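# Descriptive structure summary
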Amino acid sequence: LTSGLEAAWSKLKGEEVLTKENIVEPMRDIRRALLEADVSLPVVRRFVQAVTDQAVGVGLIRGVRPDQQLVKIVHDELVKLMGGEVCELVFSKSGPTVILLAGLQGVGKTTVCAKLANYLKKQGKSCMLVAGDVYRPAAIDQLSILGKQVDVPVYTAGTDVKPSEIAKQGLADAKKKKIDVVIVDTAGRLQIDKTMMDELKEVKQALNPTEVLLVVDAMTGQEAAALVTTFNLEIGITGAILTKLDGDSRGGAALSVKEVSGKPIKLVGRGERMEDLEPFYPDRMAGRILGMGDVLSFVEKAQEVMQQEDAEELQKKIMSAKFDFNDFLKQTRAVAKMGSVSRVIGMIPGMGKATPAQIREAEKNLKVMEAMIEAMTPEEREKPELLAESPVRRKRVAQGSGKTEQQVSQLVAQLFQMRVRMKNLMGVMQGGSIPTLSN
Ligand code: GDP
Ligand code: MG
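About the criteria used
- Residues numbered from 1 in each chain as written.
- Chains lettered and ligands numbered in written order.
- Predicted model: local features only at pLDDT ≥ 70, side-chain atom pairs only at ≥ 80, totals over all residues.
- Helix = DSSP H or I, 4+ residues; strand = E, 2+ residues; numbered from the N terminus.
- Buried ≥ 20, exposed ≤ 12 C-beta atoms within 10 Å, placed from the backbone.
- Contact = placed C-beta atoms within 7 Å.
- Core = buried A, V, L, I, M, F, W, Y, C linked by C-beta atoms within 7 Å.
- Domains from an automatic or database assignment.
- Pairing = 2+ DSSP bridges.
- Axes fitted to C-alpha atoms, helices over the stretch in contact; angles between N-to-C directions.
- pLDDT = per-residue confidence, 0-100.
- Near = placed C-beta within 6 Å.
- Nonpolar A, V, L, I, M, F, W, Y, C, P; charged D, E, K, R; others polar.
- Expected span 1.5 Å × (residues − 1).

## Looking at the overall build of the protein
- Counting its regular elements, the protein contains 20 helices and 8 strands.
- The buried share of the protein, taken over its 439 residues, is 43%.
- Nonlocal contacts in the protein, meaning residues at least 24 apart in sequence, comprise 74% of its contacts between residues at least 6 apart.

Here you go:
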C-alpha cells in the first residue's frame, strides 16, 4: 500500500497547484493501492471521490507543495475512514464489566482473552477469564495456561456444562469476588453457522455483557469487514478486535471495518506475546499506511520503558533537532528491552515492512551501533558535530570499537538524517507542518 501511494505523490513533483487534470494520475495510483490492499470497491470509490473533491478545491497554499497537500488530504481522509477517534472500551458503572469475545476459529480469541486481561490489569483492574469454549478440552487448558501466565484467575466448569450456564456461573463467582472485569471466551467454528450464532445469542442473553467484541484476523482483508457486519446483524456487537496485524496483512481490514460495518475497531493485536495488544489509533494507522513511520507509537512504547522525564526530554530534543548519541543509545536499548526488534521496526521512520532476513540484519546493526557509541567520549555523544568535523575522532572511535572508519562515518551521518526526519515527522503527528517527501 505504501509503495503504491508513493507513486501517487511522485507524479505531482514539479506541479504548482492541484488541478482536476493533474490529480487524475495520482488518484488512479491511490485507487490501485487501496484495491491491492484488499479494501472493498465501494469503499475505495467513496474514498477516491472524497479525496478528489477536496484536492481540487484546496487551491494554493504558500510554501506547501501540491504533493504535500495531497498527502495531508489522503491522511485526514484515511483517519476519517477508520472512524476518526480512538474508540475506548466501555466499563460498567455498577458490578463487573462483562466482555464477551466472539469470532471464527483460530482468529486469536483465546489469546486475546489473556492479552486483554493483562492490558486491563496494567490499568489497575482485577480480571477473571471464563472458559466458554466447551467443545475441546484443549481450549480450556489453553485458557488456563494463558491465565496463569498473566496471573489472572480462570473460571472453568469442564466440557459437560452449556456455555451460557458456565458464563452465568462465572459471572456469579466474579461478583462474589468483587472482580472488575469478566472476559468470556467462546468457541469458534471455521465458518459462520446457525449453531454458533444460536449459542452466542444464548450466552449474550445470559450475561447482558457491557462489550461484545468480534475478534477478526487482519490477514483476511475485506472478509474481516464482512464478518463484522454479519455478526453485528446476527447477535449485535459493540466493536471489533483486529488480530495478527504484525503478519503479512495488506491493511484492507483496518481500513474497511468501520466503513462497511459501522462498528469500530477498538483494539489491535500485533503479535503472540501477552503485551502485544493495544488500542486502535486511526491517525497512527494512517501515518503508518502513508509510510511516515509511527513516531508517536514509537515514543509511547519507549516511554513505558524509559523514565517519563527522559521521554519528554527526548520529544523536546527531537523538536529542536538536538537528538544526540545518548538518546540514540537509550532508544536502541529501550527497543531491545521492548522485546523483539521486528515489532518496533515498522514504527521507525524510514523503515517499512521488513523481511526476517532484514530484521536479523537490523538486530545485528543495533549491536554494531551500540559498540561504536560506547567507544565515544561523553562529549562526543552529546555533540555529534565533534565527530562530523574530526576524522581523528572518528578514527579513534573506530579503533576503540573494532569497527571501520567508514562505519563510524555512516553512523554519524545517520544520526543527522534522523534528526531531520524525526523533526519533520513529529511536526506532522502534532498537527503541525507537512513533511517533505524527498527521500
Ligand atoms: P482462537 O481459536 O480464536 O481461540 O485462536 P487462538 O487464541 O487459539 O489463536 C490462534 C493462533 O493465533 C495462536 O497460535 C496464536 O498464538 C496466534 N495469534 C493470536 N493473536 C495473534 C497476533 O496478534 N499475531 C500473531 N502473529 N499471532 C497471533
Ligand atoms: Mg480459542
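Now that the structure is up, let's keep going.
## Focus: the nonpolar core
- Leu129, Ile183, Val184 and Leu242 are the most contacted members of the largest nonpolar core, which has 96 residues in total.
- Take this core: its biggest share by element is 7 residues, from helix 5 (residues 109–122).
- When residues of this core are assigned to domains, at least three map to each of domain 1 (2–81) and domain 2 (97–289).
- With residues near it in sequence (within four places) discarded, valine 184 still touches Val98, Ile99, Leu100, Leu101, Val130, Gly132, Ala167, Gly170, Val203 and Leu207.
- With 10 residues, the next largest nonpolar core counts Met369, Met372, Ile373 and Val408 among its residues.

## Brief notes about the pairing of strand 5 (residues 211–217)
- Of all the 7 residues making up strand 5, 7 are buried; the element is thus mostly covered by neighbouring parts of the structure.
- Here strand 5 shows a buried face lined by Glu211, Leu213, Val215 and Asp217 and a second buried face lined by Val212, Leu214 and Val216.
- With 4 bridges connecting them, strand 1 (residues 97–102) and strand 5 associate as parallel partners. Residue pairing across strands places isoleucine 99 opposite glutamate 211, the latter belonging to strand 5.
- In this structure, strand 5 lies alongside strand 6 (residues 239–243), joined through 5 bridges in parallel fashion.

## Focus: the sheet that holds strand 4 (residues 181–186)
- Spatial ordering of the open sheet is given by 3-2-4-1-5-6-7-8, a layout of 8 strands whose pairing is mixed. Edge positions in the sheet fall to strand 3 (154–155) and strand 8 (277–279), since each of these pairs with one other strand and no more.
- The strands that helix 5 touches are strand 1, strand 2 (127–132), strand 4, strand 5, strand 6, strand 7 (265–269) and strand 8; relative to strand 4, the one it contacts most, it runs at about 170°.
- Contacting strand 1, strand 2, strand 3 and strand 4, helix 7 (residues 163–176) crosses the sheet at an angle of about 165° to strand 2.

## Topic: unusual backbone geometry
- Unlike most non-glycine residues, aspartate 38 shows phi in positive territory, near 70°.
- Mapped onto the fold, aspartate 38 is located in the loop between helix 2 (24–36) and helix 3 (41–57).
- Residue classification places aspartate 38 among the buried residues on the basis of 22 C-beta atoms within 10 Å.
- Here the phi dihedral of aspartate 151 falls at roughly 60°; this positive angle occurs in a residue that is not glycine.
- Relative to the helices and strands, aspartate 151 is located in the loop between helix 6 (137–149) and strand 3.

## Section: the environment of glutamate 199
- Among the secondary structure elements, glutamate 199 is positioned in helix 8 (residues 194–207).
- Using a count of 21 C-beta atoms within 10 Å as the deciding quantity, one classes glutamate 199 as buried.
- Through-space distance from the C-alpha of glutamate 199 to that of alanine 187 is 9.1 Å; in sequence the pair is 12 residues apart.

## Things to note about the confidence of the model for the protein
- Summarising the model, the protein shows a mean pLDDT of 82, and 78% of its residues fall at 70 or more.
- Within the model, the stretch residues 429–439 combines pLDDT values under 50 with 19 contacts to residues more than four positions away or in other chains.
- The ipTM value of the predicted complex is 0.99, and its pTM value is 0.69.

## Thoughts on the site of ligand 1
- If you check the shell around ligand 1, you find 18 residues, and the closest are Gly108, Lys109, Thr110, Thr111 and Gly269.
- Among the elements that take part in the shell around ligand 1, helix 5 stands out by supplying 3 residues, more than any other.
- Grouping the constituent residues of the shell around ligand 1 by class yields 1 nonpolar, 11 polar and 6 charged.

## Remarks on the environment of threonine 156
- Structurally, threonine 156 is set in the loop between strand 3 and helix 7.
- Judged by local crowding, threonine 156 falls into the partly exposed class, with 19 C-beta atoms found within 10 Å.
- Separated by 24 residues in sequence, threonine 156 and glycine 132 place their C-alpha atoms 7.9 Å apart.

## Some details on helix 10 (residues 252–261)
- Counted residue by residue, helix 10 has 9 buried out of 10 residues, so it is predominantly covered.
- Among the residues of helix 10, those classed as buried are Gly252, Ala253, Ala254, Leu255, Ser256, Val257, Lys258, Val260 and Ser261.
- Where helix 10 terminates, the next one or two residues include glycine 262, which has phi positive at roughly 80°.

## Looking at helix 5
- In this model, helix 5 (14 residues) spans 20 Å end to end at C-alpha, consistent with the 20 Å of a helix rising 1.5 Å per residue.
- Three or more residues of helix 5 are buried, namely Lys109, Thr110, Thr111, Val112, Cys113, Ala114, Lys115, Leu116, Ala117, Asn118, Tyr119 and Leu120.

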